[in-house]
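# Residue-level structure breakdown
If you want the building blocks of each chain, they are given just below.
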Amino acid sequence: MKRVGIIGIGHGKFGRRTDASVQELAFEAFREALADAKIAREDIDASVIGSVPEYHKQRSLSGVVQEYLGLNPIPTWLTEDACASGSAAIRTAWMAIQSGLHDIVAVIGCQKMSELKTPEILALMGRVGEVQWESIFGTTFPGYYAMLARAHMHEYGTTKEQLASVAVKNHHYGAMNKHAMFQKEITIDKALKSAPVASPFQIFDCCANADGAAVVIMASEEKAKEISERVVWLDGLGSATTTMSVLRRPTLTSLPSAVDASRQAYKMAGVSADDIKVADVHDCFTIAEILAYEDLGFCERGKGGKFIDDRESYIGGKHPVNVDGGLKSKGHPIGTTGVSMTTEIVKQLRGDAGERQVADANIGLTHNVGGNGQYCFVHIYNRE
Amino acid sequence: MFEWFGKVNFTPHTKVSKFAEHLRDGRLMGSKCSKCGHLDFPPRADCAKCMHGEFEYVEWSGAGKLITYTRIDAAPIGFQDLDPYTVGVVDLKEGGRLVAWIGESIPESAIEIGMDLQVVPRVFDELPNIKLYYTLEVPGTTWIKAGEVG
């Protein structure tokens with residue numbers, strides 16, 4: 001099979017971007033990605049927008065983004081899989097290129113969340129739980145992951161300190177990432193003294209709603225080789241789902257969709273978990289990163305807490321994870337996140353990550369979860 | 001009448017809307033497939049197993065075991081007057097699960113994964129329209145069922 005490569009990346013500043021509209025945010029990342037790929041926008045055949053439309057007042061977001069970026073009349077479409085919308089866009093761009101229909105596709109993750117108030121967002125996000133039987137009890141998105149955390153703590157003895165350690169690590173790396181919303185180190189003590197959200201979670205167990213955009217430009221093997229000398233190849237794609245309802249989940253201590261997606265991706269790329277030198281995983285809540293260590297096979301089931309205790313997910317450990325700060329410190333503009341993760345892995349595989357660079361990073365992985373596990377996309381990238 | 005179910009209801013229309021009428025009468029109902037007999041909770045109009053489209057309501061005892069819970073301090077719109085509240089998930093004795101608030105008979109300090117609980121049908125008395133829900137209480141908690149004497 002021919003390959004599909006990433007030839008350009010762009011990433012804007014994440015945070016409460018009260019200075020910019022969603023299409024203006026998209027433009028920042030798009031301009032940077034074009035410059036990085038050294039192509040003109042006329043070279044692009046199609047765009048795919050990863051975004052969750054409910055957060056924007058503009059109906060049918062792709063239209064306004066396409067216009068502002070100057071991409072008319074080429075085709076565009078939007079993918080939505082909640083917080084995994086960005087990775088869904090990358091997957092469909094891969095399909096569009098492999099089908100032969102398009103050669104160069106811009107994947108645009110963009111999201112504006114700060115136009116809504118926090119209780120409105122809690123209400124919207126809580127409805128990613130099943131609305132007929134669950135949301136009527138005021139379930140929230142942190143609440144769902146909190147219930148997974150509680151089950152994991154009960155079954156495996158995972159502690160609140162271990163949860164907080166994930167936040168400490170991600171803030172440590174986020175402090176070195178100029179795009180991150182919070183460029184500030186925190187301590188375990190500070191995390192454990194922060195305000196309660198949904199027990200066992202406190203503020204520092206949760207990522208923040210954010211505005212922001214990221215863009216990757218993907219190309220067919222032929223075009224990629226023609227345009228760029230440092231292509232990063234998307235060699236493994238896995239995607240799976242699990243039940244919408246927490247009431248019908250086979251387990252509360254794992255995301256089955258992540259297990260399935262990662263096994264598919266490893267198989268397709270012809271690698272195993274041991275080969276992954278750097279990973280960006282979906283740490284929307286601290287427990288989510290611990291579940292990811294286990295679901296991706298970086299450690300044994302139930303040993304995720306020990307994995308962070310042993311600093312195996314720091315640079316220098318077995319599998320450095322979220323050394324860009326993760327969702328936790330970058331902020332989580334939900335449709336953008338999967339694309340943002342990809343830009344980081346591309347940077348790492350190119351050797352462009354500066355003081356956050358993982359040595360000899362030749363194979364990297366992204367793990368992007370939609371909802372509380374309803375959707376999961378795992379992508380594996382290779383620099384050779 | 002499914003709009004009766006929940007302080008805030010998001011799905012007024014469903015093929016299992018009589019669930020709410022039964023709940024008002026104090027009965028917690030699951031579904032039983034008319035063809036293969038598969039039992040489900042929450043009830044489903046379409047059998048998850050054999051895909052048959054006819055079912056009957058079967059009463060669940062409401063006995064169950066707590067499998068996880070969370071105390072919600074940051075509530076969404078529609079629930080801010082209630083916070084903090086604790087939401088629990090129970091595995092039901094007759095099969096299936098439900099989410100509900102942990103009720104007043106159980107202090108926060110007594111909540112433990114694995115504990116036995118009883119699902120109790122409830123009506124929001126303070127709301128002008130019929131609004132139904134259920135809570136998780138200590139086993140042995142009683143309530144009135146319509147049509148039952150004494």
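Everything in this summary refers to the structure shown in the same document. Quick caveat: nothing in here was measured; it's all calculated off a predicted structure.

Reading guide: rules and limits
Residues numbered from 1 in each chain as written. Chains lettered and ligands numbered in written order. Predicted model: local features only at pLDDT ≥ 70, side-chain atom pairs only at ≥ 80, totals over all residues. Helix = DSSP H or I, 4+ residues; strand = E, 2+ residues; numbered from the N terminus. Rg over C-alpha atoms; globule rule 2.2 N^0.38 Å. Contact = placed C-beta atoms within 7 Å. Pairing = 2+ DSSP bridges. Axes fitted to C-alpha atoms, helices over the stretch in contact; angles between N-to-C directions. Core = buried A, V, L, I, M, F, W, Y, C linked by C-beta atoms within 7 Å. Buried ≥ 20, exposed ≤ 12 C-beta atoms within 10 Å, placed from the backbone. Expected span 1.5 Å × (residues − 1). Nonpolar A, V, L, I, M, F, W, Y, C, P; charged D, E, K, R; others polar.

## Comments concerning the overall build of chain A
A tally of regular secondary structure across chain A gives 13 helices and 11 strands. Computed over C-alpha atoms, the radius of gyration of chain A comes to 19 Å, within 12% of the 21 Å expected from 2.2 N^0.38 for 384 residues, which places it in the range of a compact globule. A principal-axis box enclosing the C-alpha atoms of chain A has dimensions of 55 × 45 × 40 Å. For chain A, long-range pairs separated by at least 24 residues make up 77% of all intrachain contacts whose partners lie at least 6 apart in sequence.

## Brief notes about the sheet that holds strand β2 (residues 39-40) of chain B
Residue and element names in this part refer to chain B. Strand order in the open sheet made by the 3 strands is β2-β1-β3, with antiparallel pairing throughout. Each edge of the open sheet is held by one strand with a lone partner, namely β2 and β3 (55-60). Across 6 bridges, the pairing between strand β1 (residues 28-33) and β3 is antiparallel. In the strand pairing of β3, Ser31 is matched with Tyr57.

## Observations concerning the sheet that holds strand β10 (residues 363-370) of chain A
Residues and elements named next belong to chain A. A sheet is described by the order of its strands in space; here 9 strands give the open sequence β3-β2-β4-β7-β1-β8-β11-β10-β9, paired in mixed fashion. Looking at strand neighbours, the two that pair on one side only are β3 (76-79) and β9 (278-281), the edges of this open sheet. The mean inter-strand angle of the sheet, taken between neighbouring strand axes irrespective of direction, is 25 degrees. Contacts from helix α13 (residues 337-350) reach β1 (4-11), β2 (46-50), β4 (104-111), β7 (212-220), β8 (232-241), β9, β10 and β11 (375-382), with the element oriented near 170 degrees to β10.

## Considerations on the nonpolar core
Counting residues in hydrophobic clusters, the biggest one holds 167 residues, and the most contacted among them are Ala26, Val107 and Val215 of chain A. Once residues lying within four places of it in the same chain are set aside, the contact partners of Ala26 of chain A are Val65, Leu69, Ile108, Cys110 and Ala213 of chain A.

## Concerning α13 of chain A
Residue and element names in this part refer to chain A. The first and last C-alpha atoms of α13 sit 20 Å apart over 14 residues, in line with the 20 Å expected at 1.5 Å per residue. Most of α13 sits out of view: 13 of its 14 residues are buried. At the C-terminal side of α13, Gly351 shows a positive phi close to 85 degrees.

## Some details on the interface of chain B and chain A
With 34 residues of chain B in contact, the opposing surface of chain A contributes 30 residues. When contributions to the side of chain B that touches chain A are tallied by element, the ones reaching two or more residues are β4 (63-72), β5 (85-92) and β6 (97-102) of chain B. If you tally residues by element for the side of chain B that touches chain A, the top one is β4 of chain B, at 6 residues. The residue inventory of the side of chain B that touches chain A, partitioned by class, reads 21 nonpolar, 9 polar and 4 charged.

## Observations regarding helix α5 (residues 141-156) of chain A
All names here are of chain A. For α5, with 16 residues, the first-to-last C-alpha span of 23 Å sits near the 22 Å given by 1.5 Å per residue. Burial of α5 is extensive: 13 of the 16 residues sit out of reach of the surface. Phi turns positive, to about 75 degrees, at Gly157, one or two residues after α5.

## So, the pairing of β5 of chain B
Residues and elements named next belong to chain B. As paired strands, β4 and β5 are joined by 8 bridges and run antiparallel to one another. Across the sheet, Thr70 pairs through a bridge with Val87, a residue of β5. Looking at chain direction, β5 and β6 are connected through 5 bridges and run antiparallel. Of the residues in β6, the one forming a bridge with Gly88 is Ala100. The turn joining β5 and β6, which pair antiparallel and follow one another in sequence, is formed by 4 residues; a positive phi near 115 degrees is taken by Gly95.

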